[in-house]
Amino acid sequence: MWRSISNIILRNRLFILGIIALLTVFFGYMAFSNIKLENKYGVMLPNDSEATQNYQEFKDKFGEDGGTLVIAIQSDSLYTKNHFLKWKEMGDSILQIDGVDGVISEATLFTIKNNQAENKFEIQRIFSDISYQEKSIDSIEREIKNNPIYKNVLYNDDSNVSLMLVKVDERFLSDKFKSKVVFDIEKVAEHYDYYFGQMHFSGLPHLRVIIGKRVQGEMYIFIGLSLLATSLLLFLFFRSIKVVAICLTVVGITVIWSMGTIGFLDFKLSILMALIPPLMIVIGIPNCVFLMTKFHQELKEHGNKIKALSLVIQKVGLATFLTNLTTALGFATFIFTNSEKLMEFGIVASINIIFVFIISICILPIISSFSKAPKEKHLKHLERTFAVKMIQGIIYLIQKKRPWVYITTLLLIFVSIVGMLQIKVTGNLTGDLPDTDPIKTDLEFIQNHFGGAIPYEVMIDYKEEGRLKGPQALKLLSKIDEAQKVFDRDSLFSQSISLVNFLKVVNMAYYGNDSSFYQLPNKIALRNLGKYIQNFNMTNANGGGLSIKELLDTNTTTLRIRSQMVDIGSYDVATKTKIVAKQLDSIFNPDKLEMERIFKHIKAKPNSAYVDTLFNAYPNLYNELADVICKDNNDLKTKFAEKGFDIPFIKSFYQKKKITDDLRKAIDHQYFDLTYTGTSVVASEGTQYLVINLFSSLLFAIILIAILMALLFRSWRMVLISLIPNLIPLLMTAGIMGWFGIPLKPSTLLVFSIAFGISVDDTIHFLAKYRQLLKNKEWDIQSCILTGVKESGLGMFYTSIVLFCGFSVFTFSSFGGTQALGLLISVTLLIAMITNLLVLPSLLMTLDRFVTTKSFNEPYFDAYADGGDVDWNDLDFSATKKPLTEENEEA
């Protein structure tokens, strides 16, 4: 088959180049025109997850929770005529920017006046006269700070920190071109540094856009660094500019194809997806090294360039394909995680790894066929004294010091297990940023002065309109007020806002803006305020920052408590949410534990005396059950009304059926349903979900590759032996993470599946070489193992160096997760090289006859064709066996 493939490639060179050129233009166009930035949080969760559905329900009712850009200043001179005017001027300038929906600051606030003559509220701007003739600056300050709702929301009096809240249109934030509105806003603000000192920027629009742009910028940096690092390595290996140029052509095309694939499939460029183009360079270069080296070896044997190129494809085409396939399988396991973004990453990565193989197996032989054969000086490209000594040292350890190899390995495994047990799991929004990063320092500045910066939302389903009207309304509002105190007392949360704050402001306005009346109105006051509140909307009062519609959805009987949370670890957010949920449940549903206890007995013994106990303790439940029974039957409703509270009567409906199902509905309707959501919760759930699914994907990768190894070698014993040197590096990497305090999070967990898929390539090369030698040396096992190390060892060493340097470029990232990803994969692959060179041959020599069975010697198919092995030592030579003449160069 591979002879036919080589004939097709070499006989249709121009046609294949034309096809590749057209596809490159197409993918280049898709990369340029159709790539969009992903800058939302929580997108790792599947659409059918509870957290995603809750968050979507919240947005449907109340809109986006993360559309406010926060600008903070710290100044003790804000309330001076000139500075306060500049603060207003800055807000007005920002409001003129396309994409800005509203601006709130102390200079834009309104106050509410009670027009007693007309029984209505009137809205008046606090600061409107820029000449200060109407009000003095001191009067303006007193009026603003007289209203408690703004304290610790717009300003912190203790530290002289003030905020400007800029509402940004979500459509602009989601568009890669229009999202520059955030930069425009911040540029305007920075023009006022002279008056207010350093500007601090925070809020999700800032995080989303700045990080999104940084991701895109880093992708190009990584591509450049990967090309530079691999170019230097290629030149060191081959000492030929031509070889470097050919290899760079291969990986350059793969980069364009990978970016074009992202655009073609309409996927968005996330921090994860941005790793794919440089990854293709890192994975593609070993292909080039492998194929080019085999070309040089064949050329040395017979001096015929075209024959050499043909034999390269025939002899090592399948081996190259299999190593690329195992790497693709490592990435493909992400497809089965049920996370949309991880699935997209797995799809693009695995497809493009196969593209890497196709491009390298076509481009490298075709371009080499058009160019002149390498000169003798280009074939003398490596002085491998160190490498040869290294291989000799490995052979010595395998032959003479195997017990020490095992003892050292077991000791390192023990130390790694101890370290692994110390790994901490985390994943907060800014956890990947260094402590000195402006994004993180500004966020911490806001958190230090206002208690939180990441949206945290609670939705309260009160189920019946009547609960927010009449005598029940005050009871519900008091519960909300008590719930808000839970947040306000907790240092992890900012000041919370709900409908209760709105009513307190209205009550204060009713009493002439006396701040002592900033409290919930009593029953009489609430009744009097009804005609004032009707058709009144505070959206006009403060530029869109606080409106009833943002706090109450009467269509679905849902109330909202808004807050912001400190950016803590994902698991800490989950723990805190459980604590808050327990506290709030005790406020809104104080009888829940007792009701559930009694219902448990009723469920065990339906229609027992426990039913009487439940109704006597909670008479409202009787009416709830009556409503369930009556439904739309008016006659039955009348009969219940006539009977009043009659337990035997209601029990009479359940002589022939259990009461438990209807009683469950009645009890549930009694409860207030509380839903916890917002960016904090969604990001937390996303991280936890990813950690679980990435563990699953790693297990799936191991199983898939084990199956492939079984098909390749037809020996379950050999499969088990081959997995050991590839699992040990994963264990050691986990130990390193624990000992050095590198947390386990999605970015670092990716290391294991990726590294396993790549490291197993060395195992395939070594075992395929070993099996081929067994055929030629008539089962002289020890000799075959040592020869296999000599002939495959340097190849494994060189490709590992390429991979190590290639992945190391990710350490230049400004994101800690990407840095850790690059460093840990580099280390893992280095350890994998050592275990494949030391542990695998040692195990084969110790267990020789046990693992080397007849089925291993007779596989379903050969990874190497006869004579197709790559003897890396043969590359260091001084002359070819046959001169390279013009006749031999004919294509």
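In this text, all values refer to a predicted model and were calculated from it rather than measured experimentally. (Residues numbered from 1 in each chain as written. Predicted model: local features only at pLDDT ≥ 70, side-chain atom pairs only at ≥ 80, totals over all residues. Heavy atoms only, no water.)

J.: Is there a simple way to think about the overall build of the protein chain in this case?
T.: In terms of regular secondary structure, the protein chain is built from 34 helices and 13 strands. For the protein chain, the residues scored as buried account for 58% of the 891 residues in total. Counted over contacts in the protein chain with a minimum sequence separation of 6, partners at least 24 positions apart contribute 80%. (Helix = DSSP H or I, 4+ residues; strand = E, 2+ residues; numbered from the N terminus. Buried < 20%, exposed > 50% of the residue type's maximum accessible area, 1.4 Å probe, protein only. Contact = heavy atoms within 4.5 Å.)

J.: Would you mind going over the packing of aromatic side chains with me for this structure?
T.: How two aromatic rings sit relative to each other is given by the distance of their centres and the angle of their planes. Taken as a whole and assessed by the stated rule, the structure comprises 31 aromatic pairs. With 5.2 Å between their ring centres and 70 degrees between their planes, W87 and F196 make a pair best called edge-to-face. Of this pair, W87 sits in helix α4 (residues 81-95) while F196 is found in helix α8 (residues 193-196), placing the two residues 109 residues apart along the sequence. We classify F196 as buried; its relative accessible area is 2%. Stacked on the ring of F370, the Lys or Arg R13 has its end atom at 4.4 Å from the ring centre. (Phe/Tyr/Trp six-rings, centres within 6.5 Å; stacked < 30°, edge-to-face > 60°. Lys NZ or Arg CZ within 6 Å of the ring centre and 35° of its normal.)

J.: I tried to follow the packing of helix α25 (residues 619-630) against helix α26 (residues 634-643) on my own but got confused; where do I start?
T.: When two helices pack together, you describe them by how their axes are tilted relative to each other and by the distance separating the axes. Where α25 meets α26, the axes come as close as 9 Å, and the angle between the chain directions of the two elements is 155 degrees. Judged by the angle between their axes, α25 and α26 are roughly antiparallel. In terms of crossing hand, the pair formed by α25 and α26 is right-handed. Touching Y622, A626, I629 and C630 of α25 are L636, K637 and F640, all from α26. A per-class count over the contact of α25 with α26 returns six nonpolar, no polar and one charged. (Axes fitted to C-alpha atoms, helices over the stretch in contact; angles between N-to-C directions. Parallel < 35°, antiparallel > 145°, perpendicular 65-115°, else oblique. Left-handed = near helix turned anticlockwise from the far one by under 90°. Nonpolar A, V, L, I, M, F, W, Y, C, P; charged D, E, K, R; others polar.)

J.: Please explain unusual backbone geometry as it appears in this structure.
T.: What you tend to see is this: most non-glycine residues have negative phi, and most peptide bonds are trans. Residue N152 is not a glycine yet carries a positive backbone phi of 65 degrees. For N152, a relative accessible area of 28% gives the class partly exposed. Residues other than glycine seldom take positive phi values, yet N160 does so here, at roughly 60 degrees. Along the chain, N160 turns up in the loop between β6 (155-156) and β7 (161-168).

J.: Before we go on, may I ask you to explain the environment of L837 in this structure?
T.: Position of L837 relative to the elements: it lies in helix α33 (residues 816-851). Remark: the alpha-carbon pair of L837 and S792, spanning 45 residues in sequence, is separated by 9.0 Å. If we ignore the near neighbours within four places in the chain, the residues touching L837 are I394, I398, G793 and M796.

J.: Hey, could you run me through the packing of helix α1 (residues 2-11) against helix α12 (residues 305-332) in this one?
T.: Their axes nearest at 9 Å, the elements α1 and α12 cross at an angle of 125 degrees. Relative to α12, α1 is oriented oblique. Along this stretch, α1 crosses α12, giving a crossing that reads as right-handed. Only I306, L309, S310, I313, Q314, G317, L318 and F321 of α12 make contact with α1, whose side of the interface consists of W2, R3, I5, S6, I9 and L10.

J.: Where do I start with a nonpolar patch on the surface in this structure?
T.: Together, L411, F414, V415, W739 and F740 make up a nonpolar patch on the protein surface, roughly 590 Å² of accessible area in all. Here the nonpolar patch gets three residues from one element, more than from any other, and that element is helix α16 (residues 402-420). Checked against the element boundaries, F414 lands in helix α16. (Patch = residues over 30% accessible without salt bridge, like charges linked within 9 Å, V, L, I, M, F, W, Y side chains within 5 Å. Areas by Shrake-Rupley, 256 points an atom, 1.4 Å probe, with all protein chains shown as cover. Salt bridge = Lys/Arg side-chain N within 4 Å of Asp/Glu carboxyl O.)

J.: Before we go on, may I ask you to explain the pairing of strand β5 (residues 120-125) in this structure?
T.: Within a regular strand, the side chains alternate between the two sheet faces. Bridge count for strand β4 (residues 110-115) against β5 is six bridges, and the pairing is antiparallel. Its bridge partner being in β5, N114 is matched across the sheet by F121. Where β4 folds back on β5, the antiparallel hairpin that results is connected by four residues, among which N119 adopts a positive phi of roughly 50 degrees. (Pairing = 2+ DSSP bridges.)

J.: Which parts of the structure should I look at to understand the sheet that holds strand β11 (residues 552-553)?
T.: Neighbouring strands of a sheet are bound in pairs by backbone hydrogen bonds; such pairs are parallel or else antiparallel. Ordered in space as β11-β12-β10-β13, the four strands form an open sheet in which the pairing is antiparallel. At either margin of the open sheet sits one strand with a lone partner, and together these are β11 and β13 (673-677). Of the strands in this sheet, β10 (454-461) and β12 (558-565) are in contact with helix α18 (residues 471-489), which crosses β12 at around 10 degrees.

J.: Can you help me understand the environment of S814 in this one?
T.: Relative to the assigned elements, S814 resides in the loop between α32 (781-808) and α33. A sequence separation of 603 residues divides S814 from I211, and the C-alpha atoms of the two residues are 10.0 Å apart. With near-sequence residues (within four places) excluded, S814 lies in contact with R214, E218, D432, L433, P434 and Q819.

J.: What is the right way to read α32 from this model?
T.: Given 3.6 residues to a turn, an α-helix orients residues that are three or four positions apart in the same direction. With 28 residues, α32 ought to run about 40 Å at 1.5 Å a step, and its terminal C-alpha atoms sit 37 Å apart, in line with that. At S792, α32 shows its largest kink, close to 40 degrees. A large share of α32 lies buried, amounting to 22 of its 28 residues. (Expected span 1.5 Å × (residues − 1). Bend = angle between axes of the 7 residues up to and from the residue.)

J.: Can you help me understand the side chain of E218 in this one?
T.: As for its placement among the helices and strands, E218 is situated in helix α9 (residues 204-238). In this structure E218 is buried but unpaired, with R214 as the nearest side chain of opposite charge at 5.7 Å. Separated by 2.7 Å, the side chains of E218 and S813 make a polar contact. Excluding anything up to four places from it in sequence, E218 contacts S813, S814 and F815. (Lys, Arg positive; Asp, Glu negative; His and termini not counted. Polar contact = N/O pair within 3.5 Å; in protein donor to acceptor, adjacent residues only side chain to side chain.)

J.: Whenever I open this one, α16 confuses me. Can you help?
T.: Across its 19 residues, α16 extends 26 Å between first and last C-alpha, which sits within 8% of the 27 Å expected from 1.5 Å per residue. Here α16 has its buried residues at R402, V405, T409, I413, S416 and G419. One side of α16 carries all its buried residues, which in axial view fall inside an arc of 120 degrees. Exposed residues pointing more than 90 degrees away from the buried face of α16 are listed as P403, W404, L410, L411 and F414. (Arc of directions from axis to C-beta.)

J.: When you look at the environment of F62 in this model, what are you seeing that I'm missing?
T.: Residue placement: F62 occurs in helix α3 (residues 50-62). Excluding residues within four positions of it along the chain, F62 makes contact with M459, K549, E550, L551, L552, D553, T558, L559 and R560.

J.: I tried to follow the pattern of salt bridges on my own but got confused; where do I start?
T.: Two side chains of opposite charge can pair, provided their charged atoms sit close to one another. Tallied over the full model, the rule gives 21 salt bridges. Between R171 and D169 there is a salt bridge whose closest N-O contact spans 2.7 Å. Overall, the relative accessible area of 11% leaves D169 in the buried class. Each member of the salt-bridge network shares a partner with another, and the members are E141, K145 and D157.

J.: Just to check I follow, could you spell out the confidence of the model for the protein chain for this structure?
T.: Low pLDDT marks stretches whose predicted atomic positions should not be read closely. Residue-level pLDDT values for the protein chain average 83, and 90% of them are 70 or greater. The secondary structure element of the protein chain with the lowest average pLDDT is helix α21 (residues 539-542), at 45, and the one with the highest is β13, at 95. Note on residues 539-545: pLDDT is under 50 here. Beyond four places in sequence and across chains, it has 16 contacts. For residues 867-891, every residue scores under 50 in pLDDT, and the model assigns this stretch 79 contacts once sequence neighbours within four places are set aside. (pLDDT = per-residue confidence, 0-100.)

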